[in-house]
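Here is what each chain is made of, one letter per residue.
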Amino acid sequence: MTAVLYILLGAAMPVASSYAAGRLLLARTAIDVRGGQLAAVAFVTGSAVMSLVVFALCAAGAVHKGTLIAAAAIPVAWAARRGLLRIAASAPVSRSRSDWILLALFAVYAALYAVNAIAPEISPDGSTYRLGLVARYYRDHGFQPLTTNMYAALSQGVEMLYLMAWPFGRHSAAAVVHFVYLLALARLMAGFARRAGLDGAALAAALIVFASPVVGVDATSAYNDVAVAAIVFTLFFLIESGSEPAPAGLLAGFAYAAKYTAFLAVPYMLWRLRLRPIAAACAAAAMLPWIAKNAIVWHNPFAPFFNSWFPNPFVLVSFEQYYRGEMANPGGAGFATLLADSIAGGQINPGMLGAVFFAAPVALLAMRDRLGRRLLAAAAIFGIAFAANKSARFLIPAAPFVVLAIALALRRAPVLVTALAVAQCVLAWPARLPDTGFQIRGWPWKAALRIAPEDTYRAERSYQYRVARMIERSVPPGAKVFSTSPVAEAFTTRDVIISYYSAGAQSLHDVVWSAATEDYRPVERVRFQTRAPAPVPRVRVAIISGESDREWMVSRIRLYRGGVELARTPSWRIASSHFPWALDNAFDERPLRVWRSGDKARAGMFIEVAFGLPERVDEVVIDQLPAGGFELGLDIEADRTVETAPFADPARAAIGELKHRGIGYLLIDRVAGGPWDRALAGALPLVDSLPEAAVYRIE
């Protein structure tokens, strides 16, 4: 029970301080809400303030248990001194028999969610990068330049609140904080519905969203989608309530700070408030810290995206294109298939909203009402994120608006909305759901109360947790681990570099692959022999025709005169059309230290050497990874031949390159599959292994 108390204490810090900060902020505005609605608005709005406070502590390197306690205590003490912690009771509401039934269903689901939130955290994203970064920030006392993990570039406004809870309740405290956002969202939905005259459907509308399977599992994990839904709905609530523009602007900016895909909250807010300057300023205050951090660390204010606009050495344009495509169209399925799967399938992408959302077209009937048009506009705007990521989670921010539009369309038959709510509760009950991999499965009350050991609970449910603990016990502190798949970084203190998290990590991935397949070795040699060599000021090798889905990847460029290789001198100036940061790789002796174009190979890409004084060059040799699809040319008249370059002992070459780059250990994920284990098993000492993964020492 002591562990549970610490979890609740940890969660109480960001929740209480956010509520107090919100009351202090709203005390200066004219907002006509009371009771539970005021508490919900204050918590969500104040969380934007407290997120900025924790960001400032991270930026200053001042994240300690004491500073986090002080940051939480100051707004609470200030609000208490001003008498703002008490809430005036709401006007009494008469309850029908159906209301009491719906309240009972709310209570059952709330209890189910509370147990799962307090239980040990094992969610995929929560245990990998979300809480992995939170744990790192606490260990490092704030932000440190971290360009090997693209997820560190994402805005992490909600994770700042998780960081405040971390010293006390660790992983589960973060999940409880997220659950509070769901409680706030449900309270505001019901309150808004009553204000709109939908008394008979108010609880039912809120319950449809509350009992959604993907909403439940997301809210009880250290994710942020439900928090985003609460933020954008609170923004809508404030605008509809005629609040002053400052809180609305702050919330719109906080939506961006919470999740990139919620950036449309800012233009939506400016549109609804008619470009009020104070609203724009408040939105900028919430957004700019994250933009500035990325501009400084990643050389890209919107990292890890828009890398073609803001070229940098950390994220490849080709990877961004691949990543966007995979998120937008997983498995190559069509839009209708993916939408249906996100509503009631959960097989292509994990998670589902619930089959009752097939009734969403009914919401279009609300267009005859002005409020209905505003609800549908908000649903469309905040549902656009689904185009970028076809996962049910990305429909959560739009769901409250869709459900309220349904309730408005059926305002003369509220019993139908109640029937939908009951159907949602019945169909979404964990025992009735097919296993989609991202849902609540039951009542782990023994784990929640820590009667069952945390380690056992996690180990039984997550192989990534078992792998993380294996890393912790078999890799010494300070050593770098390269992993071929994501790791539950929230459960290890070791420095793990994941194969696709950055440009540097992808180059390590290629090195490991080179041990297993010729496609990743520089075995294609293109030789140019000039016909009438004369001194030239420069030599340029370029793609003159064709294109490829792969990058242009060059291991080495050598220039010869009279059969003798020209030594590079300080007067040489090397340049490339793309990704200049790794250009030195093409002019050294290590075959697996490769220059890559960073974008798909196409005509016009080039590498050039400009000499201080004209040089006579009679031969140019390029060793590259097998090209396929494009042809190289030289800017001086020459004959071209293509041959196979020798490459001996690829496993030993790969190991040597990993060691040269400071990698001490290699983690091979056997679940994800791949030929690495077979290629390297005989060349590296095995340190530790599980059926799902193995750790090798680089030596």
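See the structure shown above.
Not measured: the values here are computed from a predicted model.

A. Representation of helix H2 (residues 35-59). Over its 25 residues, H2 extends 36 Å from the first C-alpha to the last, a length consistent with the 36 Å expected when each residue adds 1.5 Å. In the structure, H2 departs most strongly from a straight axis at serine 47, where the bend amounts to approximately 25 degrees. Burial runs high along H2: 18 of the 25 residues are buried. Glycine 61 occupies a position one or two residues after H2 and carries a positive phi of about 65 degrees.

B. Broad picture of the pairing of strand E14 (residues 693-697). Of all five residues making up E14, four are buried, and the element is well covered by its neighbours. Alignment of strand E12 (residues 665-669) against E14, held across five bridges, turns out to be antiparallel. Residue tyrosine 665 lies in a different strand from E14, and its bridge partner there is arginine 697. Note that strand E13 (residues 686-689) and E14 share three bridges and pair antiparallel. Along E14, the bridge assignment pairs aspartate 688 with valine 695.

C. Fine view of the sheet that holds E12. Pairing is mixed in the open sheet, where five strands are placed in the order E2-E1-E12-E14-E13. Taken across any chain shown, the strands that pair with only one partner, and hence form the sheet edges, are strand E2 (495-498) and E13. Put simply, the sheet's adjacent strands are angled 25 degrees from each other on average, direction ignored.

D. A look at a nonpolar patch on the surface. A cluster of nonpolar residues, Met1, Val108, Trp443, Trp445, Leu449 and Ile451, forms a patch on the protein surface that exposes about 600 Å² of accessible area. Looking at where tryptophan 445 falls in the secondary structure, it is placed in helix H19 (residues 445-448). The partly exposed category is assigned to tryptophan 445, whose relative accessible area is 44%.

E. Quick peek at the side chain of aspartate 688. The residue aspartate 688 is located in strand E13 in this model. Side chain to side chain, aspartate 688 and arginine 473 meet in a polar contact 3.0 Å long. The contact partners of aspartate 688, leaving out residues within four places of it in the chain, are Met470, Arg473, Ser474, Ala694 and Val695.

F. Representation of the environment of tryptophan 595 within the structure. With respect to the secondary-structure elements, tryptophan 595 resides in strand E7 (residues 595-602). Residue classification places tryptophan 595 among the buried positions, given a relative accessible area of 0%. For the pair tryptophan 595 and methionine 605, spaced 10 residues apart in sequence, the C-alpha to C-alpha distance is 13 Å. When residues no more than four places from it in sequence are discounted, the contact partners of tryptophan 595 are Trp552, Met553, Val554, Ser576, His578, Phe579, Ala582, Leu583, Asn585, Ala586 and Ile607. Of note is the side chain of tryptophan 595, whose polar atom sits 2.9 Å from the backbone oxygen of phenylalanine 579.

G. Main features of the side chain of glutamine 506. With respect to the element layout, glutamine 506 can be found in helix H22 (residues 503-514). Dropping the residues within four chain positions of it, glutamine 506 is found in contact with Leu316, Phe319, Ser499, Tyr500 and Arg596.

H. Highlighting the packing of aromatic side chains. Enumeration over the complete set of coordinates arrives at 39 aromatic pairs. The interplanar angle of 70 degrees and the centroid separation of 5.4 Å between the aromatic rings of tryptophan 572 and phenylalanine 611 together place this pair among those described as edge-to-face. Highlighted residues: tryptophan 572 in the loop between strand E5 (564-565) and strand E6 (573-576) and phenylalanine 611 in strand E8 (residues 606-615), separated in sequence by 39 residues. An identical accessibility class is assigned to tryptophan 572 and phenylalanine 611; each is buried. The rings of Tyr129, Tyr151, Tyr256, Tyr260, Phe305, Phe319, Tyr323, Tyr500 and Tyr501 are connected pair by pair, giving a single aromatic cluster. Lying across the ring of tyrosine 223, arginine 130 places its NZ or CZ 5.5 Å from the centre.

I. Expanded view of the packing of helix H11 (residues 265-272) against helix H15 (residues 370-383). Look at H11 against H15: their axes get within 10 Å of each other, and the N-to-C directions meet at 155 degrees. By the criterion of interaxial angle, the relationship of H11 to H15 is roughly antiparallel. You can see that H11 and H15 cross each other, and the crossing is right-handed. On H15, the residues that touch Ala265, Tyr268, Trp271 and Arg272 of H11 are Arg374, Ala377, Ala378, Ile381 and Phe382.

Conventions adopted
- Residues numbered from 1 in each chain as written.
- Predicted model: local features only at pLDDT ≥ 70, side-chain atom pairs only at ≥ 80, totals over all residues.
- Heavy atoms only, no water.
- Helix = DSSP H or I, 4+ residues; strand = E, 2+ residues; numbered from the N terminus.
- Expected span 1.5 Å × (residues − 1).
- Bend = angle between axes of the 7 residues up to and from the residue.
- Buried < 20%, exposed > 50% of the residue type's maximum accessible area, 1.4 Å probe, protein only.
- Pairing = 2+ DSSP bridges.
- Axes fitted to C-alpha atoms, helices over the stretch in contact; angles between N-to-C directions.
- Patch = residues over 30% accessible without salt bridge, like charges linked within 9 Å, V, L, I, M, F, W, Y side chains within 5 Å.
- Areas by Shrake-Rupley, 256 points an atom, 1.4 Å probe, with all protein chains shown as cover.
- Salt bridge = Lys/Arg side-chain N within 4 Å of Asp/Glu carboxyl O.
- Polar contact = N/O pair within 3.5 Å; in protein donor to acceptor, adjacent residues only side chain to side chain.
- Contact = heavy atoms within 4.5 Å.
- Phe/Tyr/Trp six-rings, centres within 6.5 Å; stacked < 30°, edge-to-face > 60°.
- Lys NZ or Arg CZ within 6 Å of the ring centre and 35° of its normal.
- Parallel < 35°, antiparallel > 145°, perpendicular 65-115°, else oblique.
- Left-handed = near helix turned anticlockwise from the far one by under 90°.

On their own, these measurements won't tell you what the molecule is for.
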